[in-house]
Amino acid sequence: SNAGELVTDAGAVIHDLGGNQTAAPAFANAAGGDFHQLAGSPTIDAGRGSIAAGALDIDRQPRLLGSAPDIGADEFAHLPLAATGMATMVGQTTARLAGTVGARGLPTSYRFEYGPTTAYGSSTPALSAGSGAVSAPVTGLLPGTAYHFRIVAQNGAGTTIGGDSTFRTVAA
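These lines cover the structure that appears in this document, whether it is placed above or below. None of the values given here were measured: they were computed from a predicted structure.

1. Observations concerning the packing of aromatic side chains
Logical step 1: For the structure shown, the criterion picks out five aromatic pairs.
Logical step 2: For the ring pair Tyr-110 and Phe-112, a centre distance of 6.0 Å and an interplane angle of 80° mean the geometry is edge-to-face.
Logical step 3: Residue class for Phe-112 comes out buried when judged on its relative accessible area of 0%.
Logical step 4: On the basis of an interplanar angle of 55° and a centroid distance of 6.4 Å, the ring pair of Phe-112 and Phe-149 is categorised as tilted. Note that Phe-112 is positioned in strand 7 (residues 108-115) and Phe-149 in strand 11 (residues 146-155), a separation of 37 residues in sequence.

2. Remarks on the environment of Gly-40
Logical step 1: Its location among the elements puts Gly-40 in the loop between strand 4 (34-37) and strand 5 (81-88).
Logical step 2: Taking C-alpha positions, Gly-40 is 9.9 Å from Phe-76, a pair spaced 36 residues apart along the chain.

3. With respect to the sheet that holds strand 10 (residues 132-138)
Logical step 1: The strand order across the open sheet built from three strands is 5-6-10, with neighbouring strands paired in antiparallel fashion. Of all the strands in the sheet, just strand 5 and strand 10 have a single pairing partner and so form its edges. If you compare each strand with its neighbour and ignore which way they point, the axes differ by 25° on average.
Logical step 2: In terms of strand pairing, strand 6 (residues 95-102) meets strand 10 through seven bridges, oriented antiparallel. What sits directly across from Thr-100, in strand 10, is Ala-133.

4. Remarks on unusual backbone geometry
Apart from glycine, the bulk of residues carry a negative phi angle, and the bulk of peptide bonds sit in the trans form.
Logical step 1: Even without being a glycine, Met-89 presents a positive backbone phi close to 50°.
Logical step 2: With respect to the element layout, Met-89 can be found in the loop between strand 5 and strand 6.

Conventions and cut-offs
- Residues numbered from 1 in each chain as written.
- Predicted model: local features only at pLDDT ≥ 70, side-chain atom pairs only at ≥ 80, totals over all residues.
- Heavy atoms only, no water.
- Phe/Tyr/Trp six-rings, centres within 6.5 Å; stacked < 30°, edge-to-face > 60°.
- Buried < 20%, exposed > 50% of the residue type's maximum accessible area, 1.4 Å probe, protein only.
- Helix = DSSP H or I, 4+ residues; strand = E, 2+ residues; numbered from the N terminus.
- Pairing = 2+ DSSP bridges.
- Axes fitted to C-alpha atoms, helices over the stretch in contact; angles between N-to-C directions.

Read these as geometric descriptors, not functional statements.
Below is the structure:
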């Protein structure tokens, strides 16, 4: 056999591409059979070479969500990124709310929550997002009123809520 290869009794070849790591992975609940990786596990983005395990992990998520494939059957899914932007095109009863979303390799949706207080109370419909600048119009606002808003992004890993921002509609 060639250096760096191990041929098993069954004739399968295991290629050692170097970079083996010996730290124990961090699993959600290995004793209970949940081998999903936890944030900070040394196996995240620690794989080498091609994705020999296929294009999808055990949850049917893409095998490459970070800088390299993860070691193991689960590809750690990162929460989406979400940053609230500014309100533009503000009128007496309308505005356009803006923000930025980072999908991090998974299908991601976003919406804006808005209202006269940080309890918000209203929401735009959820829209599909890639990565980058996003926006949504809001209507039915009251003239001369201060509003709070924030972006909410969601993917298969969970939900990220952007910070609060404010704007004031034009007085009548």
